[in-house]
Amino acid sequence: MDEGAELSLTIAHVVQRLRGSHLHSQIERQAKECLHQPEIKLESLKEDVRCFLKTSGWEKKLQNAVYRELHVQLPPSHPSAPPEHLKEPLAYMRKAQANWEKRVLKSLNSMSTELEVPLARKRPAVEQKELTNKWNEMGTDESDLSRFRPVYAPKDFLEVLISLRNPNHDNSEDVGPRSHWGLIQVPLNVRDIPQLRRAYSELNLTTGQLGIDDHAHIHPDLFENEYVQIGKKVIVEQDSAAAQQYSRQGCPTGLRADLWALILNSTNQPQDVMHYEQLKAGVIQHDLLIDNLIYKDVKLTASNDDYYFVFEDFLYQVLLCFSRDTAVLEHFKYNSATPPKSYIQGKVGNEECAVVYPPNGVIPFHGFSMYVAPLCFLYNEPSKLYSVFRELYIRHFFRLHSISSSPSGIVSLCLQFEQLLQTHLPQLFYHLRQIGAQPLRIAFKWMVRAFSGYLSTDQLLLLWDRILGYDSLEVVAVLAAAVFAFRAENLMEVTSLASAEAVLADLSTLKVMPLIQVFLFATAI
C-alpha cells in the first residue's frame, strides 16, 4: 500500500474505534450545548464549534484518545489481511501459543477436578455479606490455600520458548563462530547496540537523566528544578504525547502518578469508578477458582516482599476485579493469545455453551501480582490504581507471557538479551555456557516480571518510566544484559549454575540508569 492509502486506513480504523465511545457522546453533547452561546454564528458554525471545543479542552482529550488508539492497537497493514495476522503474522508462533494455551487450560481443569472445586459458583448471601464487610482487609483472611498451586511458573514457560523452532529455517546453515550460542533458536530481527543507540538517543551520556543527575554532585538547580517545572507544565497541558516524550528522561517522584496516567490516557472519570464498582460487585457475587490462584500468588510473592507486603489488600482488590473485566478481552485482537474457554456444567463439548474463563481471558501465573505491586506506591485510590494497571497490562505486560514475534514480546527480548551478551561479552557467555549456566536461565525470571520484585522500588519505577516513554519493553532486555556486564568479573570465576545464581541473587542495590547508560553508550562496538 502507498502512504496515502495506509494513512486513510489508519484514520478510518481510529474513527471506527472512537465512534460510540463515552468520549464521543460527551463531545457530541458539548457541541450541541454550545450552539446556544451568542458567540456561535450560523455563517461560521463549523469553525466556531471547533474553536469552542479547542478552548474548552475537549480537542486535547480527543487528541489523547487518538494517541492511545495508535499505541494500543495498530490497524492491519493491508485491508484484506486476515485477523490472525494482526494477532501474530508467523504461523509457527501461532501454533506454539495455541499448544501452550491448551496445556495451561488442561492444568487448570485438572486442578478443578482433583480438588473438586468448581471453576465458578455463586456465593451464598451470608458469604457475600462477609466479603463485603472485609473487602478492605482481605489480607487478614487465613484460608487454607495449601491444596492450590500456580498453574505455571516462568521456568515452565521458558522451556516452551527454548523448544521453539521455525520449520522453514535450517539452523545447520549457521553453525560457526558467529552462530547463536543461546537457548532461543528462532530467527527474529532484534536491535543491536548501534541501532539501540539511535532509538534511545535521549539516554546518552550527555543528556540529563532522573536516576543519575539527581544523585550526582550537581547543584539541583542545574537539572532537577528546571526539569520538574517542565514536568508540571506537561501535566497542566494534559498532552499524552508530551508526557510520553518527557518520561524518556525519567519522571520526578511527585509527578510520576499524573504523568503515567496521562501517557496511558487513564482519566478515572465517574464512569471508570462506576465500572470498577460493578467489577467489585461481580467479585462479591461469584467465587471463581481463579480467586484462589490470585490469593496464593499474592501470599507467595508480594506478601513476602519487604517493599510490597503492606499493599496486600490493594492487590487482592485489583486482581480479583481484573479477572472479571470483560473489557480486557478487547486486547486479544492484537495479542497472539486467545482467551481460554470452558463449558457450562454438564454441557462439555457443546460450543454454544462455551464461555470465556476467567471472564477477562487471562489465567494468572506465579508472579503475576508483581505487575500490580509497584503501582501501589503511586495510586491510593483503588479505581485509579485499577485503570492504570489495566492499561499497562493491555499495552505492555501481556507481551511478557505470550508467544509472539513482536519486538517487545518475550521471545524477542530473550533473543536480544542473548545476542547483546554474546556480541559484547563473548568470553563471559562462553564461560557460563560451558559450566551449564546459560545466562537466560538466570535472567528470564527478571524479564518476565519486567524486574518487579528484583530491583528496589525507586529503581524499578525509573525503569518503567522508560518502558512508557519509549512504548517498548526492549529496555528490559538491555538492563538484563547490563546486569551481567556489571557482575562480569565475579561471574568469570563461578563454576556452576548455582554459584552464578548466587552472584546475581540480590539486585536491590543496583542503580538502573547508570547501568543502562554505560552498557548502551560506553560499550566498544
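The protein chain is annotated in an unreviewed UniProt entry as TBC1 domain family member 19 isoform X1 of Betta splendens.

1. Some remarks on the overall build of the protein chain
Along its length, the protein chain carries 24 helices and four strands. The buried share among the 525 residues of the protein chain stands at 53%. Of all intrachain contacts in the protein chain linking residues separated by at least 6 positions in sequence, the fraction that spans at least 24 positions is 77%. As displayed, the protein chain offers around 24,900 Å² of accessible surface, 53% of which is attributable to carbon and sulfur atoms.

2. Focus: the nonpolar core
If you look at the biggest cluster of nonpolar residues, it comprises 160 residues, and the most contacted ones within it are W446 and F484. At 10 residues, the largest contribution of residues to this core is made by helix α21 (residues 474–486). Ignoring sequence-local partners within four residues, the contact set of F484 consists of F417, L421, L425, L428, L432, P439, I442, A443, W446, L491 and L504. Counting residues in hydrophobic clusters, the runner-up holds five residues, among them V14, L18, L23 and A65.

3. Here's the deal with helix α14 (residues 289–300)
The end-to-end C-alpha distance of α14 is 17 Å, a good match for the 16 Å that 12 residues give at a rise of 1.5 Å each. Along α14, the residues classified as buried are L289, I290, D291, N292, L293, I294, Y295, K296, D297 and V298. Where the residues of α14 are buried, they touch α6 (91–115), β2 (286–288) and α15 (312–324).

4. As for the packing of helix α20 (residues 457–470) against α21
Between two packed helices, both the angle of their axes relative to each other and the distance between the axes serve to describe the pair. Remark: α20 packs on α21, axes separated minimally by 8 Å, with the N-to-C direction vectors making an angle of 140°. It follows that α20 is oblique to α21 by the angle criterion. Together, L463, R466 and I467 of α20 and V475, V476 and L479 of α21 make up the contact between the two elements. The residue makeup of the contact of α20 with α21, split by class, is five nonpolar, no polar and one charged.

5. Structural notes on the packing of aromatic side chains
Inspection of the entire model under this criterion finds 29 aromatic pairs. For the ring pair Y152 and F365, a centre distance of 5.3 Å and an interplane angle of 25° mean the geometry is stacked. In this pair, Y152 is assigned in the loop between α7 (125–133) and α8 (154–162) and F365 in the loop between β4 (354–356) and α16 (382–395), connecting sequence segments 213 residues apart. Exposure class is identical for Y152 and F365. Each is buried. Note on W181 and F429: the rings are 6.0 Å apart at their centroids and 75° apart in plane angle, and the pair reads as edge-to-face. With W181 in the loop between α8 and α9 (193–199) and F429 in helix α18 (residues 426–434), the pair connects residues that are 248 residues apart, well separated along the chain. Exposure remark for F429: the relative accessible area of 0% places this residue in the buried category.

6. Description of α6
Helix length check: α6 (25 residues) gives 36 Å between terminal C-alpha atoms against 36 Å at 1.5 Å per residue, within 8%. For α6, the set of buried residues is Y92, M93, A96, Q97, W100, V104, L105, S107, L108, M111, S112 and L115. E116 occupies a position one or two residues after α6 and carries a positive phi of about 55°.

7. Let's talk about the environment of Y295
Topologically, Y295 is positioned in helix α14. A sequence separation of 17 residues divides Y295 from E312, and the C-alpha atoms of the two residues are 9.5 Å apart. Once you skip the residues sitting within four places of it in the chain, Y295 turns out to touch M138, L145, Y316 and L320.

8. Here's the deal with the pattern of salt bridges
Applying the stated criterion across every chain, the model contains 15 salt bridges. The shortest N-O distance in the salt bridge between R121 and D287 comes to 3.2 Å. One end of the pair, R121, is in strand β1 (residues 120–122); the other, D287, is in strand β2, and 166 residues separate them in sequence. Residue R121 is classed as partly exposed on the basis of its relative accessible area, which comes to 30%. Of the charged contacts, one joins R390 and D325 as a salt bridge, the two residues approaching to 2.7 Å between their closest N and O atoms. Remark: D325 occurs in the loop between α15 and β3 (341–343) and R390 occurs in helix α16; sequence separation between them is 65 residues. Residue classification places D325 among the buried residues on the basis of a relative accessible area of 0%.

9. Comments concerning unusual backbone geometry
A cis amide bond, omega -5°, links Y357 with the succeeding residue P358. Along the chain, P358 turns up in the loop between β4 and α16. With a phi angle near 55°, Q238 is a residue other than glycine that sits in the positive phi range. Relative to the helices and strands, Q238 is located in the loop between α10 (224–237) and α11 (240–247). We note that A450 has phi near 55°; this positive angle belongs to a residue other than glycine.

10. Remarks on the packing of α10 against α11
Orientation of α10 relative to α11, taken along the N-to-C sense of each, is 155°, at an axis distance of 9 Å. The angle between the axes of α10 and α11 places the two elements in the roughly antiparallel class. The handedness of the crossing between α10 and α11 comes out as left-handed. Contacts between α10 and α11 involve Y227, V228, I230, G231 and V234 from the first element and A242, A243 and Y246 from the second. A class-by-class count of the residues in the contact of α10 with α11 yields seven nonpolar, one polar and no charged.

11. Let's talk about the environment of V356
Turning to its location among the elements, V356 is positioned in strand β4. The partly exposed category is assigned to V356, whose relative accessible area is 25%. Once you skip the residues sitting within four places of it in the chain, V356 turns out to touch L329, P339, P340, K341 and G361.

12. Focus on the side chain of Q438
In this fold, Q438 is placed in the loop between α18 and α19 (439–448). Note on Q438: relative accessible area 11%, which makes it buried. Within polar-contact distance, the side chain of Q438 engages the backbone oxygen of W181 at 3.1 Å. Not counting residues within four places of it along the chain, the set of residues in contact with Q438 comprises W181, G182, L183, E418, F429, L432 and R433.

Procedures and definitions
Residues numbered from 1 in each chain as written. Predicted model: local features only at pLDDT ≥ 70, side-chain atom pairs only at ≥ 80, totals over all residues. Heavy atoms only, no water. Helix = DSSP H or I, 4+ residues; strand = E, 2+ residues; numbered from the N terminus. Buried < 20%, exposed > 50% of the residue type's maximum accessible area, 1.4 Å probe, protein only. Contact = heavy atoms within 4.5 Å. Areas by Shrake-Rupley, 256 points an atom, 1.4 Å probe, with all protein chains shown as cover. Core = buried A, V, L, I, M, F, W, Y, C linked by side-chain atoms within 4.5 Å. Expected span 1.5 Å × (residues − 1). Axes fitted to C-alpha atoms, helices over the stretch in contact; angles between N-to-C directions. Parallel < 35°, antiparallel > 145°, perpendicular 65-115°, else oblique. Nonpolar A, V, L, I, M, F, W, Y, C, P; charged D, E, K, R; others polar. Phe/Tyr/Trp six-rings, centres within 6.5 Å; stacked < 30°, edge-to-face > 60°. Salt bridge = Lys/Arg side-chain N within 4 Å of Asp/Glu carboxyl O. Left-handed = near helix turned anticlockwise from the far one by under 90°. Polar contact = N/O pair within 3.5 Å; in protein donor to acceptor, adjacent residues only side chain to side chain.

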